[in-house]
Amino acid sequence: MIKFADEATITVSSGKGGDGCVAFRREKYIPMGGPAGGDGGRGGDVVFEVRRNLRTLAALRFQQTFKAQTGQTGMGKNMHGRDGDDVVIAVPPGTIIKRLDTGEVLKDFGLGYSKMGEGERWVFLKGGRGGWGNTHYKNSVNQAPRTFQPGQAGKSEKLRIELQLIADIGFVGFPNAGKSSLLDHFTNARPKIAPYPFTTKIPNLGMLHAHDRDIVLADIPGIIEGAHEGAGLGLRFLKHIARTSALAFLVDLSDEGWETAFTILLDELSSYAPSLAEKPRLLIGTKLDIPEAEERFAAFKEAHPDEKVHGISVFSRVGIDDLLEAFFSFVVEAEAAAAANTSVEDDLFGSPGAEEDSEKEGAGNGGEG
Ligand SMILES: Nc1nc2c(ncn2[C@@H]2O[C@H](COP(=O)(O)OP(=O)(O)OP(=O)(O)O)[C@@H](O)[C@H]2O)c(=O)[nH]1
Ligand SMILES: [Mg+2]
């Protein structure tokens, strides 16, 4: 997955158990009523919980120490102390939790993302047991014990939290189609943009804010015909968009190959992982500001009556606002659909071809086959 530079270091502690109580029954007509000290309450747990509306670890920059509550001390009349409250740490999908000192991965909330529902919980540290009250220590020899058990101590751990962001929408297109330009326009990412093919060699992520929602966009290198056999930069970076909930296909209307672009792209994706071609998608005709584009766009729309088709220019800003709205509603819909469909991940992460990918970028040219 694409690594988005987002990480945090936090300290978490589960709650200490409440101490047991030493008490005796005192009732008017029952002298020497015997021990009646209740047990202490359990300490609170340290719990991580996934919230799908979160997209960053920003919250963990403000608060770095999380402590669950101590259990209440036991009480007289054999009353149990109250259990301590858990401390719940909300994290976005894609969060990986590691032990700070060893780097050992304790939990990966990125796996099985599409299956993962809101509110998936993981109890990391259990709170300490509550101690026994003196009632437990009564026996034939000692009818009035003054012994109690202290609550068990909580545990504490330093953690490294990392976020491997999962993009909502992945951009797919021929080189030079204007993918990076769109990312640049919509987000605070500043990818390299240039009038030649294969400017983008590694995927870029950007965050688009729409209606109080963060939408993560992924700009990936250009794809050309034969990419599945290694032409151009090949297709290995497609795994970066495998878990997106939707795809946007960008077709450069100033390019002579505009008529066949979408079909070629779709074929390439299918040869890599058939389910990629089944992801929810929209088509975007780009560079509407150039003279021929208007006419071509009309034809483009007509040629794909069953697709959602948009036309934009980042230069003249035509169609940009509409596209933002479309991205927004699309993500909301696609997310619901993704929750019911896990085939893309199974395709890609189950197949041997997809696994030998490395994050390293070579000279960026030539095939691999
Ligand atoms: N006329 C016009 N040119 C555009 C528009 N958007 C992008 N371009 C130009 O198209 C060229 C390619 O843009 P990029 O954004 O780098 O294209 P890309 O799809 O990221 O290309 P690769 O990274 O090589 O795959 C640049 O020269 C841009 O300035 C547009 O709306 N109108
Ligand atoms: Mg680019």
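Preceding block: the structure.
Since the structure is predicted, the reported quantities are computational estimates derived from the model, not experimental observations.

So, how was this worked out
Each chain carries its own residue numbering, running from 1 in the written order of its sequence. Labels follow written order: the first chain is A, the first ligand is 1, and so on. Under the rules for a predicted model, residues below a pLDDT of 70 receive no local features and side-chain atom pairs below 80 are neither given nor counted, while totals for whole chains, interfaces and linings still include all residues. By the criteria applied, helices consist of DSSP H or I runs no shorter than four residues and strands consist of E runs no shorter than two, each listed in order from the N terminus. Residues are called buried when their C-beta atom has 20 or more other C-beta atoms within 10 Å, exposed when it has 12 or fewer, and partly exposed otherwise; all C-beta atoms are positioned from the backbone. Contact between residues is assigned whenever the C-beta positions, reconstructed from backbone atoms, fall within 7 Å. Each residue gets a C-beta atom placed from its backbone. Should that atom fall within 6 Å of a molecule or strand, the residue is termed near it. Ten residues, namely Ala, Val, Leu, Ile, Met, Phe, Trp, Tyr, Cys and Pro, are considered nonpolar, four, namely Asp, Glu, Lys and Arg, are considered charged, and the remaining ones, Gly among them, are considered polar. Here a strand pair is declared whenever DSSP counts at least two bridges between the two strands. A crossover counts as right-handed when, viewed with the strands pointing away from the observer, the path leading from the first strand over the helix to the second turns clockwise. For this entry, the nonpolar core is defined as buried Ala, Val, Leu, Ile, Met, Phe, Trp, Tyr and Cys residues connected by C-beta atoms within 7 Å. Lines fitted to the C-alpha atoms define the axes, with helices restricted to the stretch that makes contact. Angles between their N-to-C directions range from 0 to 180 degrees. Directions from the helix axis toward the C-beta atoms define the arc.

1. Remarks on the overall build of the protein
At step 1: Within the protein, the secondary structure is distributed over 7 helices and 14 strands.
At step 2: Looking at the protein as a whole, 43% of its 369 residues qualify as buried.
At step 3: Put simply, of all contacts in the protein between residues at least 6 apart along the chain, 73% involve residues at least 24 apart.

2. Here's the deal with the site of ligand 1
At step 1: Taken together, 24 residues lie around ligand 1, and Ser180, Ser181, Pro195, Thr200 and Gly222 are the ones closest in.
At step 2: With 3 residues, the single largest contributor to the shell around ligand 1 is helix α2 (residues 179-186).
At step 3: A per-class count over the shell around ligand 1 returns 11 nonpolar, 10 polar and 3 charged.

3. A closer look at the pairing of strand β12 (residues 246-252)
At step 1: Buried residues dominate β12, accounting for 7 of its 7 residues.
At step 2: Both strand β9 (residues 169-173) and β12 contribute to a ladder of 5 bridges, which runs parallel. When the bridges of β12 are listed, Val172 appears paired with Phe249.
At step 3: Note that β12 and strand β13 (residues 281-286) share 6 bridges and pair parallel. Paired with Val251 across the bridge in β13 is Gly285.
At step 4: Taking the sense of rotation as the criterion, the β-α-β connection linking β12, helix α3 (residues 258-272) and β13 turns out right-handed.

4. With respect to the nonpolar core
At step 1: Formed by 51 residues in total, the largest nonpolar core has its most connected members in Ile169, Phe171, Leu217, Phe249 and Val251.
At step 2: With 17 residues, the next largest nonpolar core counts Ile97, Leu125, Ile161 and Leu163 among its residues.

5. A closer look at the sheet that holds strand β2 (residues 46-50)
At step 1: What the 3 strands build is an open sheet, ordered β4-β2-β7; its pairing is mixed. Edge strands, defined here as strands with exactly one partner in the open sheet, are β4 (87-91) and β7 (121-125). Pairwise comparison of adjacent strand axes, ignoring direction, gives a mean angle of 25° for this sheet.

6. Description of the environment of Asn78
At step 1: Along the chain, the position of Asn78 falls in the loop between β3 (65-67) and β4.
At step 2: Sequence separation between Asn78 and Asn134 is 56 residues, and the spatial gap between their C-alpha atoms is 9.1 Å.
At step 3: Beyond its immediate sequence surroundings of up to four residues, Asn78 is in contact with Ala36, Gly38, Gly133 and Thr135.

7. Examining the environment of Leu60
At step 1: Tracing the backbone shows Leu60 in helix α1 (residues 59-62).
At step 2: Of the residues examined, Leu60 has 21 C-beta atoms within 10 Å and is grouped as buried.
At step 3: Not counting chain neighbours up to four residues away, the residues in contact with Leu60 comprise Ala8, Ile10 and Ile161.

8. Structural notes on the sheet that holds β13
At step 1: Spatially, β10-β11-β9-β12-β13-β14 is the arrangement adopted by the 6 strands of the open sheet, whose pairing is mixed. Looking at strand neighbours, the two that pair on one side only are β10 (204-210) and β14 (309-311), the edges of this open sheet. Across the sheet, the mean angle from the axis of one strand to that of its neighbour is 25°, orientation sign disregarded.
At step 2: In this sheet, strand β11 (residues 213-219) lies alongside β10 in antiparallel orientation, the contact comprising 7 bridges. Looking at β11, one finds that Met207 is bridged to Val216.
At step 3: Running at roughly 145° to β12, α3 makes contact with β9, β12 and β13 of the sheet.

9. Quick word on helix α4 (residues 293-303)
At step 1: Every buried residue of α4 is accounted for by Ala293, Arg296, Phe297 and Phe300. Buried positions in α4, seen along its axis, are confined to an arc of 105° and lie on one side of it. Projecting away from the buried face of α4 at angles above 90 degrees are the exposed residues Glu295, Ala298 and Glu302.
At step 2: Taken together, the buried residues of α4 touch β12, α3, β13 and β14.

10. Examining α2
At step 1: Most of α2 is tucked away, with 6 of its 8 residues classed as buried.
At step 2: The complete set of buried residues in α2 reads Lys179, Ser180, Ser181, Leu182, Leu183 and Phe186.
At step 3: Elements in contact with the buried residues of α2: β9, β10, β11 and β12.

11. A word on the environment of Phe237
At step 1: Position of Phe237 relative to the elements: it lies in the loop between β11 and β12.
At step 2: Distance in space between the C-alpha atoms of Phe237 and Pro203 is 7.4 Å, their sequence separation being 34 residues.
At step 3: Residues in contact with Phe237, not counting those within four places in the same chain, are Pro203, Ile220 and Pro221.

12. Focus on unusual backbone geometry
At step 1: If you check the backbone angles, Lys77 has positive phi at about 55° while not being a glycine.
At step 2: Within the secondary structure, Lys77 sits in the loop between β3 and β4.

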